[in-house]
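Residue-level structural notes
Spelled out, the chains give:
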Amino acid sequence: MARRALIWHLFPIYLLVIILSLLSVVAYTVLSFRTFYLEQVRLDLKSRAALLHDQVVEQLNAGDGDALQELCDSLGHSSLTRITVILPTGRVVADSEQNAAGMDNHSGRVEVKQALNGGLGYSVRFSDTLDKQMMYIATPLLSAKATLGVLRVALPITAIDDTLRSVFRRLAYGSLLIALVAAAASWVVARRITRPLRALGHGAERFARGEFAHKLETHHSQEIDALADTMNQMAAELNERMNTVLRQKREQDAVLSSMVEGVIAVDSEVRIISLNGTAATIFGTDVTRATGKKVAEVVRNSSFHQFLDRALHSGESIEEEIVFHVDEPRTYHAHGTALRGDRGQSIGAVIVLHDVTRVRRLERVRQDFVANVSHELRTPITSIKGFVETLLEAPPSDATESKRFLEIVAKNATQLSALIDDLLSLSRIEQGEIPADTLLEGSNVRDVLCHAQHMSDPAAKRRGVLVRILCDDAITARLHPSLLQQAVLNLVDNAIKYSEEGQQIIVEARMVASSLLITVSDTGTGISSEHLPRLFERFYRVDKARSRDQGGTGLGLAIVKHIAELHGGSVAVKSTPGLGSTFEIRIPVR
Ligand code: ADP
């Protein structure tokens, strides 16, 4: 049903009441007026009849019909009254308006009957004879107790209707005017009632839109003002609560978004209620796109789905490691807890994802490292043990053979010692025993290179290669001289090992853009490209046997890489098999 405005509930009722009251007033007035008038006419006719009675009786007794007719005519004309004399038989003997002889028997007329019965006859009706609405009064004509006939006097009452009509017309016009004024007044009143209500309605709408600063006006009636005050108070409270809720939400969002852990909350239908930025990144989506969607639409990872299912249905917190592949595989430690409603029913779950990729990688590296170290140590130790046992159990009779055995033992011991030295250096660098603030400002780079060259001199001589240095005297940088010297020495040592007799090794240092670039180039064996990406890993060797034979530990380049990183720099290699290799250390200067 269409709803009407309040004014259309009030105004028609007002209007109806006004119209009904006016109508009843008019009707009552008209009716009273008519009754009063008729009563007046009746009394008037009655007194006229009384006045005429004796004269008519006299003429009747005299038996003079013409004189009676004359009397009726003259009195009738002078008083403007119709006068009729009727015998008890009903025959009309005289009438002031008509020819009595031509008139029908009147004994059946109501007023005549009543008069013949001895009372006063009265009737108001339409006269066919005169074609008018008439009032009749009939009284018995009595002479010495005998009823001689009936005297009837009558007056037309059409005048009253005309008068009433004009009165009614004037009343109607007056009422219409009053009705119009009353209607206008009631319209104004109705509007005065509805306008503040409408203003309250608009105010409430603004509150609903969150415009709590808006204040409802309070200068209407007592009741409306009380309502407006209550609504204003309600809006203020609502505003405060909303602000609290918003502040709490902002705080919660700030906490969630600054968390390094991914957090996702789902409802019992596995729809995402909320997730933070980290979780969105883990799933390869964004927060706004994912919120409100089913997890299956956003996350494609069956292990995660199974985990979520378990979290929703198991009574306690659960944990598991899950791998997500977005750009690269990453391992997360997932912690899931079901959300419980008032009655303990499951209404969803919260999952916290903590990235353990680095931890797992480090663990693996450590395991690999331990395995590698054990393996590297075992080879020389097994060799030493074997030769020492042989020397003890069955010493060769030949002195040169014994010497050869001892030389092998000595070489393996040197290898062991080198390995342990390298391991110690590596661990010292890795454990940050050399903090960045020990870097020396303005260290001379050429000095560092010369020291390394000097230390590699015996090996170079043995191999018959020449190590040349190309470096401006003035180049200085912020560095750790002895560590950088070790790095350069490792590179030069390798270059010597993999060069042929008579070849040249060039150690060069120069400033490129804002970096110090140190390169060690040889024209030796070179390295095929498939080995290059892993060359700087610990214990990675292209040719294990050759490396070991040359006293290599497989840690030299790893140490170089760590030293470069300690300086905030990096390492790189270019090599062509058969043509030689160039290793570079790049250290940013600022
Ligand atoms: P190693 O102690 O075996 O030399 P490194 O870490 O220093 O260990 O070097 C790793 C591997 O890289 C070596 O075994 C060798 O195969 C290769 N390599 C390093 N430097 C050179 C070079 N200048 N020319 C050719 N191969 C090299």
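Reading the values: the criteria
- Residues numbered from 1 in each chain as written.
- Predicted model: local features only at pLDDT ≥ 70, side-chain atom pairs only at ≥ 80, totals over all residues.
- Heavy atoms only, no water.
- Near = heavy atom within 4 Å.
- Polar contact = N/O pair within 3.5 Å; in protein donor to acceptor, adjacent residues only side chain to side chain.
- Areas by Shrake-Rupley, 256 points an atom, 1.4 Å probe, with all protein chains shown as cover.
- Helix = DSSP H or I, 4+ residues; strand = E, 2+ residues; numbered from the N terminus.
- Domains from an automatic or database assignment.
- Contact = heavy atoms within 4.5 Å.
- Buried area = accessible area lost by both parts, 1.4 Å probe.
- Salt bridge = Lys/Arg side-chain N within 4 Å of Asp/Glu carboxyl O.
- Nonpolar A, V, L, I, M, F, W, Y, C, P; charged D, E, K, R; others polar.
- Pairing = 2+ DSSP bridges.
- Axes fitted to C-alpha atoms, helices over the stretch in contact; angles between N-to-C directions.
- Patch = residues over 30% accessible without salt bridge, like charges linked within 9 Å, V, L, I, M, F, W, Y side chains within 5 Å.
- Lys, Arg positive; Asp, Glu negative; His and termini not counted.
- Charge placed at Lys NZ, Arg CZ, Asp CG, Glu CD.

With that settled, consider the site of the ligand. What surrounds the ligand is a group of 21 residues, the closest being Asn 494, Ser 547, Thr 553, Gly 554 and Leu 557. With respect to the ligand, the backbone of Gly 554 contributes an N or O atom lying 2.9 Å from an oxygen atom. Gly 556 has a polar backbone atom sitting 3.4 Å from an oxygen atom of the ligand. Isolated, the ligand exposes 530 Å² of accessible area, and the fraction of that covered by the protein chains is 97%. Mapped by element, the contributors of at least two residues to the shell around the ligand are helix H13 (481-497), helix H15 (556-566) and strand E17 (580-588). With three residues, the single largest contributor to the shell around the ligand is H13.

Take the domain arrangement of the protein next. Taken domain by domain, the protein comprises domain 1 (7-156), domain 2 (259-355), domain 3 (360-427) and domain 4 (437-588). Of note, the centres of domain 3 and domain 4, computed from C-alpha atoms alone, are 26 Å apart. Domain 3 puts 15 residues into the contact, and the matching count from domain 4 is 14 residues. In this assembly, domain 3 packs against domain 4 so that about 1200 Å² is buried in total across both faces, 59% of it on carbon and sulfur atoms. Of all residues in domain 3, Glu 376, Gln 415 and Leu 426 give up the largest surface area on contact with domain 4, accounting jointly for 41% of the area buried on that side. Where domain 3 packs against domain 4, one counts one salt bridge. In this structure, Glu 376 engages Arg 541 in a salt bridge whose closest nitrogen and oxygen atoms are separated by 2.2 Å. If you look at where domain 3 meets domain 4, you find three residue pairs in polar contact (both at pLDDT 80 or more). Among the elements of the structure, helix H10 (357-393) and helix H11 (399-430) are those that each provide at least two residues to the side of domain 3 that touches domain 4. Here the side of domain 3 that touches domain 4 gets eight residues from one element, more than from any other, and that element is H11. Taken together, the residues of the side of domain 3 that touches domain 4 sort by class into seven nonpolar, five polar and three charged.

It is worth spelling out the sheet that holds strand E6 (residues 262-267) at this point. An order of E7-E6-E10-E9-E8 is seen for the five strands of this open sheet, with the pairing classed as antiparallel. Two strands in the sheet have a free side with no partner beyond their single neighbour: strand E7 (272-275) and strand E8 (318-325). Across the sheet, the axes of successive neighbouring strands diverge by a mean angle of 25°, strand direction being ignored. Sheet topology note: the strand E9 (residues 329-340)/strand E10 (residues 346-355) ladder contains nine bridges and is antiparallel. Across the sheet, His 335 pairs through a bridge with Val 352, a residue of E10. Along the sheet, helix H9 (residues 302-313) makes contact with E6, E8, E9 and E10, crossing E8 at roughly 155°. Relative to E9, H10 is tilted by about 130°, and along the sheet it contacts E8, E9 and E10.

Quick look at a positive patch on the surface now. Residues Arg 191, Arg 192, Arg 195 and Arg 198 make up a contiguous surface patch of positive charge. Inspection of the secondary structure assignment puts Arg 195 in helix H4 (residues 158-208).

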